[in-house]
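So you can see what is in the structure, the chains are spelled out below.
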Amino acid sequence: MAEASFFVKQLLAMGWKKGVDLLPVLDLEDGTKTDDEYNAHWAVSFCETVEKQLGVKPIVYTGKWYWDAYLAGAKKETLDKLTQYQVWWAHYTTDFDNDPNIRGWTSWLLWQWTGSGSCDGITGKVDLDWLCGGEEGLRKIRGV
């Protein structure tokens, strides 16, 4: 797949190192077709290509709105392949006692809980996330 190969080429050109840097992430948000099966198959193909070329399983970043609008109608077998990749789930809330309402996946690795956070040294709003699993979670997002 050309897009995934180009993505890998850019990562390597920027000095990406397996086991050191964050795993590659496929951001599923905008710019997709209205055909759910096409979208799911494309995402699986992207992830499989990245995995084959880098030797690590990329993370899928998405949220409920994207799943419901662009993936939910895909074939179960295609969605099952997609959900074999860890998910970075976007679900904005401050009610941390509730599950982030993931679709397809049974657990999340990262949870983006706001796009309106703040961080010392950065002007303007920033995304804030939770990483599941402490030290083990840190190893997972580096692919070790």
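Let us look at the structure shown here. (Residues numbered from 1 in each chain as written. Predicted model: local features only at pLDDT ≥ 70, side-chain atom pairs only at ≥ 80, totals over all residues. Heavy atoms only, no water.)

With that settled, consider the overall build of the chain. A tally of helices and strands in the chain yields five helices and five strands. Its helices and strands taken in sequence order, the chain reads α-β-α-β-α-α-β-β-β-α from the N to the C terminus. Taking the principal axes of its C-alpha atoms as reference, the chain extends roughly 40 × 35 × 30 Å. By residue count, 38% of the 144 residues in the chain fall in the buried class. In the chain, once contacts between residues fewer than 6 apart in sequence are set aside, the share between residues at least 24 apart is 56%. Total accessible area on the chain stands at roughly 8400 Å², and carbon and sulfur atoms take up 52% of it. (Helix = DSSP H or I, 4+ residues; strand = E, 2+ residues; numbered from the N terminus. Buried < 20%, exposed > 50% of the residue type's maximum accessible area, 1.4 Å probe, protein only. Contact = heavy atoms within 4.5 Å. Areas by Shrake-Rupley, 256 points an atom, 1.4 Å probe, with all protein chains shown as cover.)

Inspection of every chain in the model, using the stated rule, returns five salt bridges. In this structure, the salt-bridge partner of aspartate 68 is arginine 103, at a minimum N-O distance of 3.1 Å. One end of the pair, aspartate 68, is in helix α3 (residues 64–71); the other, arginine 103, is in the loop between β3 (87–90) and β4 (110–119), with 35 residues separating them in the sequence. According to the relative accessible area criterion, arginine 103 is partly exposed, its value standing at 22%. Among the ionic pairs, lysine 76 bridges to aspartate 80, the shortest N-O distance being 2.7 Å. Of this pair, lysine 76 and aspartate 80 both sit in helix α4 (residues 76–82), separated by four residues, roughly a single helical turn. Using a relative accessible area of 61% as the deciding quantity, one classes lysine 76 as exposed. Each member of the salt-bridge network shares a partner with another, and the members are Lys64, Asp68 and Arg103. (Salt bridge = Lys/Arg side-chain N within 4 Å of Asp/Glu carboxyl O.)

Moving on to the environment of leucine 110. Within the secondary structure, leucine 110 sits in strand β4. Residues leucine 110 and glycine 55, spaced 55 residues apart in sequence, show a C-alpha to C-alpha distance of 21 Å.

All told, the structure shown has 10 aromatic pairs when counted by the stated rule. Seen in terms of ring centroids, tryptophan 65 and tyrosine 66 are 5.8 Å apart; in terms of plane orientation they differ by 90°. Their pairing is edge-to-face. For tryptophan 65, a relative accessible area of 43% puts it in the partly exposed group. Assessed through its relative accessible area of 1%, tyrosine 66 is described here as buried. Above the plane of the ring of tyrosine 85 lies lysine 57, whose end atom (NZ or CZ) is 4.4 Å from the centre. (Phe/Tyr/Trp six-rings, centres within 6.5 Å; stacked < 30°, edge-to-face > 60°. Lys NZ or Arg CZ within 6 Å of the ring centre and 35° of its normal.)

Burial within strand β2 (residues 59–63) is extensive, with five of its five residues counted as buried. Residues Ile59, Tyr61 and Gly63 line one face of β2 and the alternating positions Val60 and Thr62 line the opposite face, and both faces are buried. Sheet analysis places strand β1 (residues 25–27) next to β2, joined by three bridges and oriented parallel. The residue of β2 that forms the bridge with leucine 26 is valine 60. The pairing of β2 with β3 spans four bridges and is classified as parallel. Residue pairing in the sheet places glycine 63 in a bridge with alanine 90 of β3. (Pairing = 2+ DSSP bridges.)

Attention now goes to α3. If you check which residues of α3 are buried, you get Tyr66, Trp67 and Leu71. The arc that holds the buried residues of α3, viewed along the axis, is 100°, so those residues lie on one side. Against α2 (36–54), β2, α4 and β3 lie the buried residues of α3. (Arc of directions from axis to C-beta.)

Such coordinate-based values are descriptive only and should not be taken to indicate function.
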